[in-house]
Amino acid sequence: MKTIECHDCEGKFTATTKEEILGILYDHYIKNHNEIITNVNDEEKKNWMSRFEKDWAQAQEVSNNL
Ligand SMILES: [Zn+2]
């Protein structure tokens with residue numbers, strides 16, 4: 001499991017796979033940052049994804065029993 005932070009608020013999200021965290025983040029953006037994901041062009045989407053990919057790659061593995 002890894003934890004990453006939302007770029008647009010203090011939210012922290014934990015998931016096991018990249019697909020899972022993308023789904024969680026997507027739901028979060030729909031609910032809390034709707035204007036951010038509805039007003040973006042392809043370039044900004046690409047930037048968001050590459051920032052996300054980097055964050056996910058650098059996130060520390062966290063253990064369940066800590
Ligand atoms: Zn957020």
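Draft legend 1. Quick peek at the pairing of strand S2 (residues 12–15). Both strand S1 (residues 2–5) and S2 contribute to a ladder of 4 bridges, which runs antiparallel. Pairing of lysine 2 across the sheet is with alanine 15, part of S2. Where S1 folds back on S2, the antiparallel hairpin that results is connected by 6 residues.

Draft legend 2. Spotlight on helix H1 (residues 18–32). In a regular helix each residue adds 1.5 Å, so 15 residues correspond to 21 Å; H1 covers 20 Å between its end C-alpha atoms and thus fits that length. Along H1, the positions that sit buried rather than exposed are Ile21, Leu25 and Tyr29. Angular distribution of buried residues about the axis of H1 spans 70°; they occupy a single face of the element. Every exposed residue of H1 that faces more than 90 degrees away from the buried side is listed here: Glu19, Gly23, Tyr26, Asp27, Ile30 and Lys31. Buried residues along H1 sit against S1, S2, helix H2 (34–38) and helix H3 (42–58).

Draft legend 3. Main features of H3. Look at H3: 24 Å from first C-alpha to last across 17 residues, which is about the 24 Å you get at 1.5 Å a residue. In terms of burial, H3 is largely open, as just 0 of its 17 residues are buried.

Parameters at a glance
- Residues numbered from 1 in each chain as written.
- Predicted model: local features only at pLDDT ≥ 70, side-chain atom pairs only at ≥ 80, totals over all residues.
- Pairing = 2+ DSSP bridges.
- Helix = DSSP H or I, 4+ residues; strand = E, 2+ residues; numbered from the N terminus.
- Expected span 1.5 Å × (residues − 1).
- Buried ≥ 20, exposed ≤ 12 C-beta atoms within 10 Å, placed from the backbone.
- Arc of directions from axis to C-beta.
- Contact = placed C-beta atoms within 7 Å.

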